[in-house]
Amino acid sequence: EANKVSDFVNTVVYYESTLKDDTQKELFLKFLYNLNLKGRAKQAFLKEPKTLGELTKKLLDRFKPKETLAQLSKQLGESRQGERSVAKFAGDLEQLTAKINEIQIKQDGLDEETVAKINDKNALSALLGGLSRRIQTVVLAADVNTFEEGVEKALKVEATQTTYSSGGQVNYYRQTRGKPQTNAIRFNT
């Protein structure tokens with residue numbers, strides 16, 4: 001659909017450049033507006049556009065995807081957890097994957113199940129590559145096969161590490177270098 005609109009807009013731009021004066025451009029615009037538009041194209045023009053530029057902009061805005069498949073795929077591959085929780089990071093990856101799925105189904109005509117399987121692997125790769133190092137190491141060792149398994153494991157690791165660190169155990173571990181000390185003073189910080 002987006003390709004058809006793009007072809008149509010390119011044709012309009014070409015013909016507009018061949019017209020000599022404003023009267024011819026106005027007639028051409030009226031001709032285009034009075035075409036038997038249907039569906040979303042008709043809805044885009046509740047009132048008649050005043051210029052050919054306005055006509056092409058409205059059509060492109062209405063039909064051209066806001067984000068391209070390449071942009072979304074790049075964003076997925078470059079995603080990093082950073083300061084976000086695993087749940088927030090995984091949710092963001094799921095949203096990106098859903099957008100990618102939608103575009104691939106519409107543009108490429110692939111069936112939903114095939115697209116979902118392919119992109120589940122891509123989402124898992126993004127998750128494994130983007131997790132913070134302290135969580136990533138454990139999840140990679142677990143040999144997860146799906147995005148959902150990866151998220152579940154990462155959530156468990158995060159919960160374990162959060163529980164462990166909230167009791168002051170991490171600071172004690174760092175102070176004693178992992179070796180139990182009989183006379184060490186333990187501070188909960």
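Scroll up to find the structure this text is about.
This one's a predicted model, so the numbers in the text were calculated from it and none came from an experiment.

Calculation rules
- Residues numbered from 1 in each chain as written.
- Predicted model: local features only at pLDDT ≥ 70, side-chain atom pairs only at ≥ 80, totals over all residues.
- Heavy atoms only, no water.
- Helix = DSSP H or I, 4+ residues; strand = E, 2+ residues; numbered from the N terminus.
- Patch = residues over 30% accessible without salt bridge, like charges linked within 9 Å, V, L, I, M, F, W, Y side chains within 5 Å.
- Areas by Shrake-Rupley, 256 points an atom, 1.4 Å probe, with all protein chains shown as cover.
- Salt bridge = Lys/Arg side-chain N within 4 Å of Asp/Glu carboxyl O.
- Lys, Arg positive; Asp, Glu negative; His and termini not counted.
- Charge placed at Lys NZ, Arg CZ, Asp CG, Glu CD.
- Buried < 20%, exposed > 50% of the residue type's maximum accessible area, 1.4 Å probe, protein only.
- Core = buried A, V, L, I, M, F, W, Y, C linked by side-chain atoms within 4.5 Å.
- Contact = heavy atoms within 4.5 Å.
- Expected span 1.5 Å × (residues − 1).

Caption draft 1: Broad picture of unusual backbone geometry. For aspartate 143, which is not a glycine, the phi torsion comes out positive at approximately 55 degrees. In this structure, aspartate 143 sits in the loop between helix 8 (133-141) and helix 9 (147-166).

Caption draft 2: Quick peek at a negative patch on the surface. Together, Glu94, Asp143, Glu148, Glu149 and Glu152 make up a region of like negative charge exposed at the surface. In terms of residues, the negative patch owes the most to one element, helix 9, which gives three residues. Under the relative-accessibility criterion, aspartate 143 is labelled exposed at 58%.

Caption draft 3: Here's a closer look at the pattern of salt bridges. All chains considered together, the criterion is met by three salt bridges. Among the ionic pairs, arginine 84 bridges to aspartate 92, the shortest N-O distance being 2.5 Å. Where lysine 88 meets aspartate 92, a salt bridge forms, and the shortest distance between an N and an O atom there is 2.9 Å. A residue pair is termed a helical-turn pair when its members lie 3 or 4 positions apart in one helix, as lysine 88 and aspartate 92 do in helix 6 (residues 86-108) at four residues. Classification of lysine 88 by relative accessible area gives partly exposed; the value is 45%.

Caption draft 4: The nonpolar core, seen in detail. Core analysis: the biggest nonpolar cluster contains 22 residues, and Leu93, Leu127, Leu131, Ile135, Val139 and Phe147 have the highest contact counts within it. By residue number, the principal contributor to this core is helix 6, which donates seven residues. Ignoring anything within four residues of it in the chain, the contact list for leucine 93 reads Leu76, Ser79, Ala123, Ala126, Leu127 and Phe147. Grouped together as the second largest cluster of nonpolar side chains are eight residues, Val12, Leu29, Leu32 and Leu52 included.

Caption draft 5: Geometry of a nonpolar patch on the surface. Side chains of Phe8, Phe31 and Leu35 sit close together on the surface and give an oily, nonpolar patch of about 260 Å² of accessible area. When you line up the elements, phenylalanine 31 lands in helix 2 (residues 22-33).

Caption draft 6: Focus on helix 7 (residues 112-130). Spanning 19 residues, helix 7 covers 26 Å between terminal C-alpha atoms, matching the ideal 27 Å at 1.5 Å per step. Listed as buried for helix 7 are Val115, Asn119, Ala123, Leu124, Ala126, Leu127, Leu128 and Gly130.

That is the geometry; function is a separate question.
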